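Coordinate analysis (summary)
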Amino acid sequence: MTRTLPAVTVGVSTKMYFSYERSLAYARSVAEIAAEHPAVQSGAVEVFVIPTYPALAETVRILERTPVRVGAQDIATADSGAFTGEVSGAVLAEIGCTLAEVGHAERRRLFGETDLVTRDKTQAALRNGLTPVLCIGERMPGSTDAAVDECVDQLTSALAGTPEGSDLVVAYEPHWAIGAPDPAPAWHIVEVCRGLRAHLASDQRLASFRVIYGGSAGPGLLGQLGTAVDGLFLGRYAHDPAALATVIDEAAALAAVRAGSPA
Ligand SMILES: O=C(CO)COP(=O)(O)O
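Owing to the predicted nature of the structure, the values given are computational and were not obtained by experimental measurement.

About the criteria used
- Residues numbered from 1 in each chain as written.
- Predicted model: local features only at pLDDT ≥ 70, side-chain atom pairs only at ≥ 80, totals over all residues.
- Heavy atoms only, no water.
- 1 Å grid on protein atoms, 1.4 Å probe; cavity = no way out; pocket = protein on both sides within 12 Å on 5 of 7 lines; lining within 4 Å.
- Points joined across faces, edges and corners; volume = space filled by probe spheres on them.
- Helix = DSSP H or I, 4+ residues; strand = E, 2+ residues; numbered from the N terminus.
- Nonpolar A, V, L, I, M, F, W, Y, C, P; charged D, E, K, R; others polar.
- Axes fitted to C-alpha atoms, helices over the stretch in contact; angles between N-to-C directions.
- Left-handed = near helix turned anticlockwise from the far one by under 90°.
- Contact = heavy atoms within 4.5 Å.
- Parallel < 35°, antiparallel > 145°, perpendicular 65-115°, else oblique.

This part is about empty space enclosed by the protein. Any empty space left between the atoms is revealed when a probe the size of a water molecule rolls over them. Overall, the coordinates contain 1 cavity of 30 Å³ or more when judged by the stated rule. Computed from the structure, the largest cavity encloses a volume of approximately 30 Å³. Lining the largest cavity are Thr14, Ser23, Tyr26, Ala27, Val49, Pro51 and Thr59. Ranked by the residues each element gives to the lining of the largest cavity, the list is headed by helix α1 (residues 20-36), at 3 residues. Broken down by class, the residue content of the lining of the largest cavity amounts to 4 nonpolar, 3 polar and no charged.

Let us now look at the packing of α1 against helix α10 (residues 241-258). Axis separation between α1 and α10 bottoms out at 10 Å; the angle between their running directions is 35°. Considering how the two elements wind past one another, α1 and α10 form a crossing that is right-handed. Between α1 and α10, the contacting residues are Tyr26, Ser29, Val30 and Ile33 on the first element and Pro241, Leu244, Ala245 and Ile248 on the second. Each residue belonging to the contact of α1 with α10 can be placed in one class, and the counts come to 7 nonpolar, 1 polar and no charged.

For the rest of this paragraph, the subject is the packing of helix α6 (residues 115-127) against helix α7 (residues 144-158). Contact pair α6 / α7: the axes reach a minimum separation of 8 Å and the direction vectors enclose 50°. Between α6 and α7, the interaxial angle falls into the category oblique. Residues Asp115, Thr118, Arg119, Thr122 and Gln123 of α6 pack against Gln154, Ser157 and Ala158 of α7. Looking at the contact of α6 with α7 residue by residue, the classes come out as 1 nonpolar, 5 polar and 2 charged.

See the structure below:
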């Protein structure tokens, strides 16, 4: 099947690193970068930011005149009711979020989230019109074949019941490469992402999903991955707006290659 190539995607989560004020300063910097970047303006590169919960509404406001999308780091499995401390997809959509992160390695490891919870959160996001950023990845370093198998199991579980026509970003994030000095080796990322794409392509409902890489990603990585990925999901190494701007330049170069024209 021929795959229609989506925009090259560059997402950043600030996790719990920033203060409220720094979160808003970061959003303002992203707005400036987006306003000046032709590839962001044209849609060749899609940028999203995922700040800490209390900064979400104001981040949406700061970025409302740009194409940059805003997402949440988590989402409740239910849409309303007696769920103290949870934030529902309905409220996230109401304040202008358009994405929700699910299945992140830190949620699984530190907060005991299972494949079942990840599935319920994925479906909660879709039900509320949010694009899930579904994080999958092998727990331990090993062969690329073993990594693809482990990731496909996670995907199959999370995507059970996904309706036709859904939009979803698959973030391949090997657990061992998150918070590390360096990303996974480029050849490993390329092989696993090819395997994931082949799996997605075999199911009509999933064939349009983007596959992006996360785990100590930063400037310089995208050029090593070529067309094997649809973009990056960044953490620490894009928390400096200048580094994010560099990655967006690299994403624009990749988008030009994918479009068949010189970068
Ligand atoms: O977990 C990540 C994105 O979801 C990446 O975090 P780091 O790039 O800081 O390892």
